[in-house]
Amino acid sequence: MTKILAFAGSSSPTSTNHQLILNVTNRISDHHVEVLELHELEFPMYSIVEEKEGIPQNVKFLYEKILEAPALIIAVNEYNANVSGFFKNIIDWLSRVERKFLDGKKVLLMSTSPGKRGGASALEYCKNQFPRFGANVVESFSLPQFYENFDSEKGLVVNEVFDLGIIDVVTSFSQQIKE
């Protein structure tokens with residue numbers, strides 16, 4: 001049984017990407033999954049001045065959680081065709097703790113948004129950047145038009161084609177992370 005750490009890179013307590021994380025992690029029964037809500041943690045904006053004051057406790061906490069898990073499920077949100085400032089700030093801090101903070105981690109990378117592209121630009125950004133930090137992005141998935149394809153009250157993907165896509169990605173990811 002592999003330990004998986006899952007989180008959405010969003011500062012919103014009503015994050016659509018966090019809802020997607022919950023849907024996906026509820027499908028995994030053959031691994032131990034821990035879901036973090038990053039919006040509950042405070043992260044100061046990274047700067048050289050901040051760094052001189054030391055690495056913030058919440059950055060250290062997240063770094064330690066990442067170290068403990070050989071596999072990660074990360075859902076990235078998109079603002080203006082890029083990752084959110086909140087998530088980019090977290091990446092910047094983690095890379096200051098250890099440049100290869102994702103070294104050897106197998107990652108399922110996801111994104112969703114209300115738009116037709118489902119956060120595809122943020123997803124592509126992370127697919128290109130995460131290997132620079134040591135990650136092996138083994139699967140990815142984008143859910144477009146979140147509010148048409150997801151029932152937030154039930155926590156379910158209502159579009160059968162996208163639901164089957166998630167099943168395929170989760171099954172493949174689960175197989176690839178077996179110890």
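For the structure itself, consult the block above.
As the structure is a computational prediction, the values presented were derived from the model and not from experiment.

Procedures and definitions
- Residues numbered from 1 in each chain as written.
- Predicted model: local features only at pLDDT ≥ 70, side-chain atom pairs only at ≥ 80, totals over all residues.
- Heavy atoms only, no water.
- Helix = DSSP H or I, 4+ residues; strand = E, 2+ residues; numbered from the N terminus.
- 1 Å grid on protein atoms, 1.4 Å probe; cavity = no way out; pocket = protein on both sides within 12 Å on 5 of 7 lines; lining within 4 Å.
- Points joined across faces, edges and corners; volume = space filled by probe spheres on them.

Visitor: Describe unusual backbone geometry, with residues and values.
Guide: You will see that asparagine 80, though not glycine, has its phi angle at about 50°, which is positive. Along the polypeptide, asparagine 80 turns up in the loop between β4 (78–79) and β5 (82–83). Unlike most non-glycine residues, alanine 81 shows phi in positive territory, near 65°. Along the chain, the position of alanine 81 falls in the loop between β4 and β5.

Visitor: So what's going on with empty space enclosed by the protein? Residues and values would help.
Guide: On inspection of all chains with the given rule, the structure shows two cavities of 30 Å³ or more. Within this model, the largest cavity holds a volume of roughly 70 Å³. In this structure, the largest cavity is lined by Phe7, Leu62, Ile66, Ile74, Phe87, Ile90, Ile91, Leu94, Phe101, Leu102 and Phe130. Broken down by secondary-structure element, the contributors of at least two residues to the lining of the largest cavity are α3 (57–68) and α4 (85–97).

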